[in-house]
Amino acid sequence: MSRTRSKAAVSVGAILTASALMLTGCTSSGTTSGSTANVSAADIDKAMNTPTTITFWSWLPDMQSEVNLFEKKYPKIHVNYQNAGQGATEYTKLRTVIKAGRGQPDATQIEFQYLPSFQSYLLDFTPYGFGALKSQFVSSIWGQVAIDGGLYGIPQDYAPMGNLYRHDLFTAAGITQAPATWDEYMADAKIIKAKTGNYISDLPGNDGGQFLSLMWQAGARPFAYDGKKTVTVNIESPEAKKVVDYWNSMIKQGLVDTAPDFNNDWYQGFVSGKYAGWLVPAWGPDNLTGTVAKTSGDWTTAPLPQWDPSNPASSYWGGSSDAVLKTSKHPIVAAELVKFLNTGASALQMATSPKQTLFPPTLAVQKNPAFVEQKSAFFNGQQVNKLYLDIAKTVDPKFGWLPYMDFVYSNYSTTLGKAIADKTDLETGLAAWQAAVVAYGKQQGFTVKTN
């Protein structure tokens with residue numbers, strides 16, 4: 001997910017059609033065009049010097065500029081770039097054209113958590129030698145695209161979680177520093193509520209992506225998939241219940257709001273001071289910069305509060321890759337586009353462009369002063385990128401996904417998310433979420449393990 005925030009990850013409660021969801025059960029029925037033989041340098045040279053048009057779907061701002069760079073390098077190639085909608089909107093269209101057997105793009109942006117859902121329809125980049133690119137990327141993110149011995153995407157951006165807070169409101173409440181632990185976070189929430197009547201943050205019931213990231217940080221590993229027909233669903237683990245019980249207490253004490261996020265009222269809550277902070281990953285700073293500009297200079301970034309300060313931990317909320325469909329008639333060209341966009345000079349340009357909002361997993365970019373040392377006026381001169389890079393080092397990459405995450409997210413909104421929104425018992429909602437995800441997996445023909 002980009003720092004422009006992906007709708008699939010932040011408001012994935014949107015219910016997709018049953019026919020679209022049914023595609024997730026087709027784990028071995030993808031069309032298999034494209035050779036599995038190794039692709040040679042001669043093959044690549046020939047393809048890139050043959051007049052060719054391919055289609056690329058993405059939702060990132062100013063992506064056309066990056067496509068223009070590719071076309072300049074390869075003048076015989078034309079890329080038909082289409083903004084197919086953000087996150088879930090794009091996935092619905094993608095499933096529709098896959099099912100119809102026509103209209104598929106050659107290459108497309110897909111978030112990490114949805115790669116297993118589309119895996120059987122995606123080109124394995126292993127024969128293209130792209131496995132050698134691993135050393136160019138953050139190791140914790142490579143596992144999100146290297147699945148079951150194959151390589152189904154090239155990382156484009158990632159999203160380590162942090163804590164954005166208004167230091168002016170904290171100072172007014174007599175709080176001089178960011179909370180280092182979750183106990184301190186609750187204590188600060190009580191002070192802010194008592195002295196200002198406002199909330200330390202919002203925990204929206206419509207946002208399964210955020211809650212999963214909080215579970216991830218606490219050590220929960222609710223999902224696993226063997227790439228074939230067996231899934232594991234362990235939403236009710238002790239680690240997950242710890243998170244649920246914590247927020248149950250916060251909600252019952254009236255210390256946190258539960259309003260839906262990413263709407264005008266919610267953004268105005270940051271402007272008015274209704275919310276003194278936001279638990280959000282690396283795409284959050286740019287998101288605020290563009291939507292609540294009136295509060296520029298009032299913000300500070302910090303790591304997430306910790307369960308165990310001696311063992312700092314964070315998590316990811318989002319992150320995306322670029323992938324190629326097996327149905328592409330020009331897989332080499334499409335693969336070279338994906339490679340070009342996410343490595344080398346193009347990756348650096350996307351990361352540092354004021355029109356682009358990526359937080360790149362490319363090591364070369366992360367070592368470049370133009371990115372690392374960039375200071376944000378909105379955050380009072382703080383080097384926000386540098387802080388999030390340090391946070392990313394504390395993320396345990398061992399977090400898996402199911403091949404039907406659409407259902408997982410949409411059902412969250414009617415189970416645990418509904419309990420949050422209605423301020424009822426969260427453990428009951430957690431149990432309902434577990435039961436529904438297990439039942440759906442069995443309905444789709446998967447063997448479902450629960451621990």
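Thresholds applied
Residues numbered from 1 in each chain as written. Predicted model: local features only at pLDDT ≥ 70, side-chain atom pairs only at ≥ 80, totals over all residues. Heavy atoms only, no water. Helix = DSSP H or I, 4+ residues; strand = E, 2+ residues; numbered from the N terminus. Contact = heavy atoms within 4.5 Å. Lys, Arg positive; Asp, Glu negative; His and termini not counted. Charge placed at Lys NZ, Arg CZ, Asp CG, Glu CD. Polar contact = N/O pair within 3.5 Å; in protein donor to acceptor, adjacent residues only side chain to side chain. Salt bridge = Lys/Arg side-chain N within 4 Å of Asp/Glu carboxyl O. Buried < 20%, exposed > 50% of the residue type's maximum accessible area, 1.4 Å probe, protein only. Pairing = 2+ DSSP bridges. pLDDT = per-residue confidence, 0-100. Axes fitted to C-alpha atoms, helices over the stretch in contact; angles between N-to-C directions. Parallel < 35°, antiparallel > 145°, perpendicular 65-115°, else oblique. Nonpolar A, V, L, I, M, F, W, Y, C, P; charged D, E, K, R; others polar. Expected span 1.5 Å × (residues − 1). Phe/Tyr/Trp six-rings, centres within 6.5 Å; stacked < 30°, edge-to-face > 60°.

Structural notes on the overall build of the protein
Item 1. Looking only at helices and strands, one finds 21 helices and 12 strands in the protein.
Item 2. Based on the C-alpha atoms only, the size of the protein along its principal axes is roughly 70 × 50 × 40 Å.
Item 3. Expressed as a percentage of contacts within the protein between residues at least 6 apart in sequence, the contacts between residues at least 24 apart total 78%.
Item 4. The centroid of the 37 positive side-chain charges in the protein is displaced by 3 Å from the centroid of its 36 negative side-chain charges.

A look at the side chain of S315
Item 1. Considering the arrangement of structural elements, one finds S315 in the loop between strand 10 (299–303) and strand 11 (316–324).
Item 2. Of note is the side chain of S315, whose polar atom sits 2.7 Å from the backbone oxygen of S213.
Item 3. With near-sequence residues (within four places) excluded, S315 lies in contact with A159, P160, M161, S213, W216, Q217, L304 and V395.

What to know about the pattern of salt bridges
Item 1. What the rule picks out here adds up to seven salt bridges.
Item 2. As a salt-bridge pair, D298 and R166 come within 3.8 Å of each other at their nearest N and O atoms. Here the residue D298 occupies a position in the loop between helix 13 (284–291) and strand 10, and R166 occupies one in strand 6 (residues 154–166), the gap between them amounting to 132 residues.
Item 3. Here K393 makes a salt bridge to D390, at a shortest N to O gap of 3.6 Å.
Item 4. Under the relative-accessibility criterion, K393 is labelled exposed at 67%.
Item 5. With a relative accessible area of 39%, D390 lands in the partly exposed category.
Item 6. Among the charged side chains, a network of salt bridges with common partners joins R166, D168 and D298.

Concerning the environment of A345
Item 1. Within the secondary structure layout, A345 lies in helix 15 (residues 344–352).
Item 2. We classify A345 as exposed; its relative accessible area is 64%.
Item 3. Through-space distance from the C-alpha of A345 to that of V365 is 8.9 Å; in sequence the pair is 20 residues apart.

Some details on the pairing of strand 6
Item 1. The buried count for strand 6 comes to 13 of 13 residues, which makes it a mostly enclosed element.
Item 2. Across five bridges, the pairing between strand 6 and strand 11 is antiparallel. Each residue of the ladder has a partner; that of P160, found in strand 11, is Y316.
Item 3. Sheet analysis places strand 6 next to strand 9 (residues 277–281), joined by five bridges and oriented antiparallel. Bridge assignment links L164 to a residue of strand 9, and that residue is W278.

Here we look at the confidence of the model for the protein
Item 1. Overall, the prediction assigns the protein a mean pLDDT of 90, with 90% of residues at 70 or greater.
Item 2. Every residue in residues 24–35 scores below 50 in pLDDT, and together they form 33 contacts with partners more than four places removed in sequence or on other chains.

What about the sheet that holds strand 8 (residues 230–233)?
Item 1. Reading across the sheet, the three strands line up as 7-8-12 and stay open at both edges, with mixed pairing between neighbours. With partners counted over all chains shown, the strands left at the sheet margins are strand 7 (223–225) and strand 12 (447–449), one partner each. For this sheet, the mean angle separating the axes of adjacent strands, direction not counted, is 20°.
Item 2. Here strand 8 runs beside strand 12; their pairing, made up of three bridges, is parallel.

A look at helix 19 (residues 405–412)
Item 1. Helix 19 sits mainly inside the fold: eight of its eight residues count as buried.
Item 2. For helix 19, the complete set of buried residues consists of M405, D406, F407, V408, Y409, S410, N411 and Y412.

Describing the packing of helix 10 (residues 208–217) against helix 19
Item 1. Closest axis-to-axis distance for the helix 10/helix 19 pair is 9 Å, and the angle between their directions is 100°. Viewed along their axes, helix 10 and helix 19 adopt a mutual orientation that is roughly perpendicular. Of the residues in helix 19, those touching helix 10 at G208, G209, F211 and L212 are M405, Y409 and Y412.
Item 2. A breakdown of the residues in the contact of helix 10 with helix 19 according to their chemical character gives five nonpolar, two polar and no charged.

Describing helix 21 (residues 426–443)
Item 1. The first and last C-alpha atoms of helix 21 sit 26 Å apart over 18 residues, in line with the 26 Å expected at 1.5 Å per residue.
Item 2. When we look at burial in helix 21, the residues that qualify are L426, G429, L430, W433, Q434, A436, V437, V438, Y440 and G441.
Item 3. Residue D425 occupies the N-cap position of helix 21, its side-chain oxygen lying 3.4 Å from the main-chain nitrogen of E427.
Item 4. Backbone geometry just downstream of helix 21 places G445 in the positive-phi region, at approximately 90°.

Quick notes on the packing of aromatic side chains
Item 1. Taken as a whole, this structure holds 48 aromatic pairs when the rule is applied.
Item 2. Considering the side-chain rings of F262 and W283, the 6.2 Å spacing of their centres and the 40° angle between planes classify their relative orientation as tilted. Placement of F262 in the loop between helix 11 (238–252) and helix 12 (264–272) and of W283 in the loop between strand 9 and helix 13 is noted, with a sequence separation of 21 residues between them.
Item 3. In this structure W283 comes out as buried when scored by relative accessible area, which is 0%.
Item 4. Taken together, the ring pairs connect Y199, F262, W266, Y267, F270, Y275, W278, W283, W299, W317, F378 and F379 into an aromatic cluster.

So, the environment of Q109
Item 1. Along the chain, the position of Q109 falls in strand 3 (residues 107–111).
Item 2. The class of Q109 is buried, set by a relative accessible area of 0%.
Item 3. Expressed as a C-alpha distance, the spacing of Q109 and S320, which sit 211 residues apart in the sequence, is 6.8 Å.
Item 4. When residues no more than four places from it in sequence are discounted, the contact partners of Q109 are F56, W57, S58, W59, L60, E90, Y91, Q156, S320, S321 and D322.

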